[in-house]
Amino acid sequence: MRLPQPCGPLSEGVVETLRARPQGLHAVPEPRAMGDVTYPLTDRDLQLALWVLYELHYRGFDDVDDPRAEWDPLLMVSRAALERTFEHAVRELVGATPQDAPALEDLGDTPAEQVTAALVRMTARSGPSEVAQFLHRRATRQEFCSYLAERAVHHLRESDPQSFVLPRIGGAAKVALAELQYDEYGGGRPDRLHQALFARGLASLDLPTDLASYVEQATGATLASVNLMSLFALNRRLRGAAMGHLAAFEATSSLPCDRILRGARRLRLPEEVADYYDEHVEADAVHEQLAIRGICAALVADEPELAPDVVFGATACLAVDGLAGQVLLDGWRARREDRAAG
Amino acid sequence: MSKRRVVVTECPGGPLLVRGADEVVGVDGTAAPVERAVVAVCRCGRSDRLPWCDDSHRDRRRKRSP
Ligand code: FES
């Protein structure tokens with residue numbers, strides 16, 4: 001994969017620095033550039049800069065010559081500055097989310113019971129999202145493909161962030177996370193690797209299967225939803241949030257996948273597209289139980305002080321992914337209105 | 001090699017998690033092969049993919065589809 005096209009001063013600083021290494025330009029974002037960011041959660045420049053820095057820890061870029069860039073102290077300083085702005089915005093959004101839930105202490109006797117009840121409660125009312133309903137009944141083939149393209153940034157790296165958490169937790173929670181990841185990674189069968197299933201769906205529509213093409217067009221909000229997982233998974237202090245995020249994600253996935261599957265069938269898209277969503281209806285019904293009861297409950301039984309972080313991570317997942325979904329819906333609506341007017 | 005264990009875990013308000021089984025026989029007598037390390041077997045009867053749970057147990061309004 002090659003470095004993406006920067007789209008503002010922050011991503012330009014990071015991309016230029018990576019290109020220029022090892023001569024080593026100074027990549028720390030200028031305070032002025034950070035000051036220009038009005039809403040970090042949809043700011044494409046900030047999110048792209050952060051995404052590039054995170055990608056150094058996954059598969060990296062072919063046009064970054066210096067393999068040591070991953071742990072370059074100046075780039076770390078950059079990442080920390082971007083992460084601070086990002087995390088602050090996520091905490092503000094979570095704080096502004098109406099909480100009708102009782103306090104954790106009132107939800108059960110032990111931290112494990114409390115966290116289980118909070119996660120079940122929080123995800124219980126979520127049916128299929130508005131995006132899934134749109135794809136099910138209304139989307140055109142083109143709109144459906146634009147959805148796949150937008151989500152490719154997530155699905156082509158699906159489950160990788162959470163693997164970073166395995167060495168950071170212990171006991172039953174570690175075992176349950178390994179069990180969940182084993183399933184995500186194909187259950188011993190390379191052809192069932194979930195990332196590969198998604199790539200096959202893209203290929204069946206003659207869409208590119210490389211991540212770089214999709215990063216170039218992804219919105220700031222989509223990059224934020226992906227970056228959120230890396231933020232939680234790559235910072236050990238946020239391991240509780242990483243697992244809460246996973247639980248909320250899995251618990252709100254089966255029903256939407258079922259709708260998207262029906263949408264794919266309605267549009268008579270190739271079976272490879274349907275196959276991905278078909279796999280996820282059943283898989284995510286299992287993963288939801290593993291994530292809530294196996295991972296999160298066991299984690300807080302082991303480390304009770306992580307209980308609020310688990311709930312924070314779950315709330316952040318729903319809020320940030322909700323925002324990304326809204327941006328998608330608004331885009332489809334605007335394009336339909338344009339067409340109607342034109 | 002140790003004897004393989006089959007473990008069934010109840011999830012309150014949701015499915016049974018089953019580890020180590022080879023097949024699950026549905027009410028109509030058809031045996032569904034177990035193709036993943038852990039499977040969720042529906043207990044509420046609302047799933048469209050019986051015998052597997054498809055998360056329909058969440059939706060209290062939804063009627064069981066025949
Ligand atoms: S128990 Fe989940 S659908 Fe029936």
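Note that this is a predicted model, so its numbers are computed, not measured.

**Q** Lay out the overall build of chain A with the relevant residues and their values.
**A** Helices and strands together make up the secondary structure of chain A, namely 16 helices and zero strands. In summary, chain A has a C-alpha radius of gyration of 20 Å against a globular reference of 20 Å for 342 residues, a match within 12%. Taken over the C-alpha atoms alone, chain A extends approximately 55 × 50 × 45 Å along its principal axes. Counting across all 342 residues of chain A, residues that qualify as buried make up 57%. For chain A, long-range pairs separated by at least 24 residues make up 80% of all intrachain contacts whose partners lie at least 6 apart in sequence. Carbon and sulfur atoms form 53% of the exposed surface of chain A, whose accessible area is close to 14,300 Å².

**Q** Explain the domain arrangement of chain A residue by residue, including any values.
**A** Accessible area lost upon the coming together of the parts serves often as the stated size of an interface. All names here are of chain A. Under the domain assignment, chain A is made up of domain 1 (9–96) and domain 2 (105–341). Domain 1 and domain 2 are separated by 24 Å when their C-alpha centres are compared. Carbon and sulfur atoms make up 67% of the surface buried where domain 1 meets domain 2, a total of about 2,200 Å² over both sides. Its largest share of buried area at the contact with domain 2, domain 1 owes to Arg44, Trp51 and Tyr58, together 29% of the area lost on that side. On the surface where domain 1 and domain 2 come into contact, there are two salt bridges.

**Q** Before we move on, can you summarise helix H15 (residues 271–302) of chain A with the specific residues and values?
**A** Residues and elements named next belong to chain A. Counted at 1.5 Å a residue, the expected span for H15 with its 32 residues is 46 Å, and the 43 Å between its end C-alpha atoms agrees. Along its length, H15 shows its largest kink, about 35 degrees, at alanine 283. For H15, the tally of buried residues reaches 23 of 32 residues, placing the bulk of the element in the interior.

**Q** Give me the nonpolar core: which residues, what numbers.
**A** Residues Met243 and Tyr277 of chain A are the most contacted members of the largest nonpolar core, which totals 120 residues. When residues are assigned to domains, this core turns out to be shared by domain 1 (9–96) and domain 2 (105–341) of chain A, each giving three or more. Ignoring any residue separated from it by four or fewer positions in sequence, one finds tyrosine 277 of chain A in contact with Tyr147, Leu148, His155, Phe198, Cys257, Ile260 and Leu261 of chain A. Membership of the second largest hydrophobic core comes to eight residues, among which are Val24, Ala32, Val34 and Val41 of chain B.

**Q** Before we move on, could you go through the pattern of salt bridges and cite the residues and values that matter?
**A** All names here are of chain A. Enumeration according to the criterion identifies 26 salt bridges over all chains in this entry. With its nearest N and O atoms 2.6 Å apart, the salt bridge here joins glutamate 303 to arginine 239. Highlighted residues: glutamate 303 in the loop between H15 and helix H16 (307–341) and arginine 239 in helix H13 (residues 239–251), separated in sequence by 64 residues.

**Q** How would you sum up the layout of surface pockets? Please name residues and give values.
**A** The gaps left among the atoms become clear once a water-sized probe is rolled over them. All names here are of chain A. Volume-wise, the largest pocket comes out at about 820 Å³. Broken down by element, the lining of the largest pocket gets its largest block of residues, nine residues, from H16. Here the residues of the lining of the largest pocket sort into 17 nonpolar, 16 polar and seven charged.

**Q** Break down the packing of aromatic side chains for me, with residues and values.
**A** Two aromatic rings are characterised by how far apart their centres lie and by the angle between their planes. All names here are of chain A. Counted by the stated rule, this structure contains six aromatic pairs over all chains. Here tyrosine 58 and phenylalanine 164 contribute two aromatic rings whose centre-to-centre distance is 5.4 Å and whose plane-to-plane angle is 70 degrees, an arrangement assigned as edge-to-face. Residue tyrosine 58 is located in the loop between helix H3 (44–55) and helix H4 (73–96), and its partner phenylalanine 164 is located in the loop between helix H8 (160–163) and helix H9 (171–184); the two are separated by 106 residues in the primary sequence. In this structure tyrosine 58 comes out as buried when scored by relative accessible area, which is 19%. In this structure an aromatic cluster arises from ring pairing among Phe198, Tyr276 and Tyr277.

**Q** So what's going on with the state of the cysteines? Which residues, and what values?
**A** Inspection of the entire model under this criterion finds zero disulfides over all chains. Left without a disulfide partner, cysteine 145 of chain A is nearest to the cysteine sulfur of cysteine 257 of chain A, which lies 17 Å away.

Analysis parameters
- Residues numbered from 1 in each chain as written.
- Chains lettered and ligands numbered in written order.
- Predicted model: local features only at pLDDT ≥ 70, side-chain atom pairs only at ≥ 80, totals over all residues.
- Heavy atoms only, no water.
- Helix = DSSP H or I, 4+ residues; strand = E, 2+ residues; numbered from the N terminus.
- Rg over C-alpha atoms; globule rule 2.2 N^0.38 Å.
- Buried < 20%, exposed > 50% of the residue type's maximum accessible area, 1.4 Å probe, protein only.
- Contact = heavy atoms within 4.5 Å.
- Areas by Shrake-Rupley, 256 points an atom, 1.4 Å probe, with all protein chains shown as cover.
- Domains from an automatic or database assignment.
- Buried area = accessible area lost by both parts, 1.4 Å probe.
- Salt bridge = Lys/Arg side-chain N within 4 Å of Asp/Glu carboxyl O.
- Expected span 1.5 Å × (residues − 1).
- Bend = angle between axes of the 7 residues up to and from the residue.
- Core = buried A, V, L, I, M, F, W, Y, C linked by side-chain atoms within 4.5 Å.
- 1 Å grid on protein atoms, 1.4 Å probe; cavity = no way out; pocket = protein on both sides within 12 Å on 5 of 7 lines; lining within 4 Å.
- Points joined across faces, edges and corners; volume = space filled by probe spheres on them.
- Nonpolar A, V, L, I, M, F, W, Y, C, P; charged D, E, K, R; others polar.
- Phe/Tyr/Trp six-rings, centres within 6.5 Å; stacked < 30°, edge-to-face > 60°.
- Disulfide = S-S within 2.5 Å.

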